[in-house]
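# Notes for the structure review
Residues per chain, in single letters:
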Amino acid sequence: MLTQQEVAEIEAEFVRYERKRSVSIDALKIVQRHRGWVSDEVLVDLAGFLEMTADELDSVATFYNFIFRKPVARHVILVCTSVSCWIVGYESILRHLRERLGIGLGETTADGRFTLLPNVCLGACDHAPVIMIDDDLHENLDSEKIDLILAQYE
Amino acid sequence: MERPLTRNIRPGTGPLPIDAYEKTGGYRALRKALQTMTPGDVVEVVDHSHLSGRGGAGFPTGKKWSFVPRGKDAVHPTYLIVNADEMEPGAFKDRLLLEGDPHQLIEGIIIAAYAIQADIAYIFLRRAYVTAAHRLTHAISEAYDRKYLGRKILGTGFALQLYVHNSAGRYICGEETALLNALEGRRANPRSKPPFPPVVGLWGKPTIANNVETLCNVPHIVEHGAEWFRRLSHSMDGGTKIYGVSGRVKKPGAWELPMGTTIREVLEEHAGGMADGFKFRGVIPGGASTDFLVEEHLDVRMDFGSMQAAGSRLGTGTMVVLDDRTCPVGLVLNLMRFFAQESCGWCTPCREGLPWTVRILEAIENGQGRPEDVERLQRHTRLLAPGHTFCALAPGAMEPLQSALKYFKDDFFRHVHEKHCPWR
C-alpha cells in the first residue's frame with residue numbers, strides 16, 4: 001500500500017506531464033526515498049495507481065541505474081568504472097573499498113551501513129577517480145581520502 | 001579572446017543569482033527577441049550564425065527549428081526539450097554550464113521556445129547531476145518570479161512553462177527518441193524514424209530537443225548577431241566550443257575556446273601537456289563513441305568538418321587521452337563493457353553483438369586470444385555499422401574499436417602472441 005504521504009508527493013508531480021504514467025520515474029524515486037528500495041509489492045500498487053500494468057512499470061524500474069529493486073544499505077556507494085576513471089586507476093579505489101568494507105560489488109555490509117555498486121561515468125572526468133555516496137560526489141580520490149569520507153556516513 | 005558561454009563562471013563559487021546575472025546583461029537578449037523580433041527572425045539569425053548541435057551530432061540548429069510546423073499548420077502544445085542527460089563517458093562540459101550559469105541556459109531556453117513557439121519545455125537532467133538540479137530549480141523559480149516564465153512573458157502574449165525532469169541514469173536516454181519515451185514514462189527504447197520529433201514527438205506533438213551547450217549560445221547570438229558569432233570561430237561552424245581533457249595530462253579540465261582550435265593547442269596549452277612520465281599515444285576526441293586519433297592528427301582543428309575529414313568526430317569535444325602506460329586493448333574493453341551494459345536490448349545486433357566484442361576483448365586482454373580473434377573484432381565493426389542497428393549506440397561503440405584496430409593493431413597481436421597483457 002502506498003502511504004498517504006507518498007500519494008500526495010506523487011500527485012504533486014502530475015501537473016508537469018500530460019499523462020499519469022509519465023510520472024513513473026518520479027514516483028519510483030519518491031517510493032524509494034521513503035522505503036530505501038522498490039519492492040515487488042509496492043511496484044504492483046504503484047502501477048495500479050499510475051494506470052499501468054506491473055510489467056510495464058517494472059520495465060521502467062529495471063531500466064535505470066538509480067532505481068533499486070533489491071534492498072540496499074543506508075548509504076549507497078557508486079564507484080565510477082568508466083574510461084577516465086579507469087585510466088587513472090579506479091581499480092585501486094575499488095580494491096581499497098572492498099577491503100575496508102569487507103564486501104564485493106553488489107553487496108551490503110552486515111551492519112546495513114553501505115552497499116557497494118559500480119556505476120557508469122559520473123561526468124566528473126577532470127577530477128577522476130570519483131565515487132558518489134548517496135547524493136554526494138567525491139573527487140580526486142586516493143585511499144587516505146576514502147577513509148575520511150567513509151567516516152562521514154553513519 | 002571572447003568567451004561568452006563561460007564569462008560568468010568562476011571556479012569554486014556558485015552561479016550568479018538573477019540580479020547579478022541581469023547586471024552583466026542577462027535577459028537583455030530575451031527582451032530583444034520577444035519585443036523586437038518575430039519567431040521567424042530568431043530562427044533566421046540562429047540559422048545565419050552557423051550554430052550547430054553541441055550534443056555531438058552537429059546538426060544546424062536553425063535548420064532543426066525550421067522543421068516545426070508553423071503558422072496555420074502549428075500544433076499545440078509544441079515542446080522544447082533540453083538534453084542535459086550528459087552520460088557519454090569522458091564528457092563533463094554540460095555540467096560546467098548547468099552548475100556554473102543556470103540563468104544563461106534558462107534565457108536560451110525561453111528564446112528558443114519563442115522561436116519554435118513552444119508551450120512547454122523540459123530540462124531532461126541526468127540523475128548524477130545533483131548540484132545542477134538544485135541550482136536549476138532555484139534559478140527557474142527566480143525566473144518565474146521575474147515573469148520571464150509563465151504567462152504573458154515580458155507583457156507579450158508568449159507563455160512558457162519550464163520543468164526539470166530528473167532522470168534515473170541510463171545512457172540511451174540521451175538519444176532523442178529514447179528520451180521522448182523516457183519522458184512519457186515508457187521503457188526508454190529508441191523510436192523508429194520517420195516520423196521525426198520536430199513533427200511527431202512527445203505525446204505525438206512537435207518537439208525539438210537541443211543540447212545544453214547549444215541553447216546557452218542562443219542569447220549571445222540574439223544579442224550580438226550572426227556575423228559576430230561566426231567570427232568567434234576558426235571554422236565553418238560558428239561560435240566557441242567547450243573543450244575538455246581527461247586522462248594522464250597535467251591539468252585535466254574544460255575550457256571555452258574558438259570552435260576549430262587544434263587538438264594540440266587544447267592538449268598542450270590548456271591541459272598543460274602530458275603528466276610527467278607519460279607519453280601521448282592517442283586520443284578519443286569527443287567522448288567514448290568517437291574514433292581514436294593519433295600523433296599525426298594533433299594539428300587537426302576540432303570542428304565538425306575537420307574532425308570528420310580526419311576520420312573521427314567532434315562529438316562532445318571532451319577528449320580522453322591514451323598514454324603509453326595504459327593498455328589500448330584494456331581501454332577499448334572498458335568502453336565496450338560500458339556500451340554492452342547500456343544497450344537498451346531492443347535490436348539484436350546491438351544486444352548480442354556488443355557482449356560478443358566484450359568477450360573477445362576479454363580473451364585477448366587475459367592472454368587467451370587467438371590470432372583470428374582480431375579479424376573477428378574487425379568483422380564486428382562491420383556487422384554493427386550504421387544501417388545494421390535500430391539506433392546509433394552500437395555504431396558509436398564501434399568507432400573507438402575500429403580505430404584502435406587500425407592504430408594499435410600491433411598491441412592486439414602482442415597480447416595474442418605473448419599470451420598476456422604487456423602492460424600488466
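The structure displayed is predicted, hence computed values, not measured ones.

Scoring rules and cut-offs
- Residues numbered from 1 in each chain as written.
- Chains lettered and ligands numbered in written order.
- Predicted model: local features only at pLDDT ≥ 70, side-chain atom pairs only at ≥ 80, totals over all residues.
- Helix = DSSP H or I, 4+ residues; strand = E, 2+ residues; numbered from the N terminus.
- Buried ≥ 20, exposed ≤ 12 C-beta atoms within 10 Å, placed from the backbone.
- Contact = placed C-beta atoms within 7 Å.
- Pairing = 2+ DSSP bridges.
- Axes fitted to C-alpha atoms, helices over the stretch in contact; angles between N-to-C directions.
- Domains from an automatic or database assignment.
- Nonpolar A, V, L, I, M, F, W, Y, C, P; charged D, E, K, R; others polar.
- pLDDT = per-residue confidence, 0-100.
- Core = buried A, V, L, I, M, F, W, Y, C linked by C-beta atoms within 7 Å.

### Examining the overall build of chain A
- Across its full length, chain A holds seven helices and four strands.
- For chain A, the α and β elements follow one another from N to C terminus as α-α-α-α-β-α-α-β-β-β-α.
- When the backbone C-alpha atoms are referred to their principal axes, chain A occupies close to 50 × 35 × 25 Å.
- Scored against the burial criterion, the 154 residues of chain A give a buried share of 40%.
- Long-range pairs, those at least 24 residues apart, make up 57% of the contacts in chain A between residues at least 6 apart in sequence.

### Examining the sheet that holds strand β3 (residues 131–133) of chain A
Residue and element names in this part refer to chain A.
- Spatially, β2-β1-β3-β4 is the arrangement adopted by the four strands of the open sheet, whose pairing is mixed. Each having just a single partner strand, β2 (114–119) and β4 (136–138) make up the two edges of the open sheet. This sheet shows a mean twist of 25° between the axes of neighbouring strands, independent of strand direction.
- As paired elements, strand β1 (residues 75–80) and β2 share six bridges and run parallel to each other.

### Quick word on the sheet that holds strand β3 (residues 161–166) of chain B
Residue and element names in this part refer to chain B.
- The sheet built from four strands is open, its strands ordered β3-β2-β1-β4 with parallel pairing. A single partner strand is all that each edge strand has here, and the edge strands are β3 and β4 (207–211). The mean inter-strand angle of the sheet, taken between neighbouring strand axes irrespective of direction, is 20°.
- Bridge count between strand β1 (residues 79–84) and strand β2 (residues 120–125): six bridges; the pairing is parallel. When the bridges of β2 are listed, I81 appears paired with Y122.
- Packed onto the sheet, helix α6 (residues 102–116) meets β1, β2, β3 and β4 and runs at close to 145° relative to β1.
- Strands in contact with helix α9 (residues 212–224) are β1 and β4; relative to β4, the strand with the most contacts, it is inclined by about 90°.

### Looking at the domain arrangement of chain A
- Here chain A is described as being made up of domain 1 (4–61) and domain 2 (75–150).
- Using only C-alpha atoms to locate each centre, domain 1 of chain A and domain 2 of chain A end up separated by 29 Å.

### Looking at the interface of chain B and chain A
- Taken together, the contact between chain B and chain A spans 39 residues of the former and 31 residues of the latter.
- Secondary structure elements with two or more residues in the side of chain B that touches chain A: β5 (240–246), β6 (253–258) and α13 (328–342) of chain B.
- Looking at the side of chain B that touches chain A element by element, the count peaks at five residues for α13 of chain B.
- The class makeup of the residues in the side of chain B that touches chain A is 20 nonpolar, ten polar and nine charged.

### A look at the domain arrangement of chain B
Residue and element names in this part refer to chain B.
- You can read the domains of chain B as domain 1 (18–231), domain 2 (240–323) and domain 3 (328–418).
- Spacing between the C-alpha centres of domain 1 and domain 3 amounts to 35 Å.
- On the side of domain 3, nine residues touch domain 1, which itself brings nine residues to the contact.

### Topic: the confidence of the model for chain B
- Summarising the model, chain B shows a mean pLDDT of 97, and 100% of its residues fall at 70 or more.
- The ipTM, which scores confidence in the relative placement of chains, is 0.96 for this predicted complex, and the corresponding pTM is 0.97.

### A word on the nonpolar core
Residue and element names in this part refer to chain B.
- Membership of the largest hydrophobic core comes to 179 residues, with the highest contact counts inside it found for I109, I110, I111 and M336.
- Considering each element in turn, this core owes the most residues, ten residues, to α6.
- Aside from chain neighbours lying at most four places away, what touches I111 is A29, L30, A33, V42, V218, P219 and V222.

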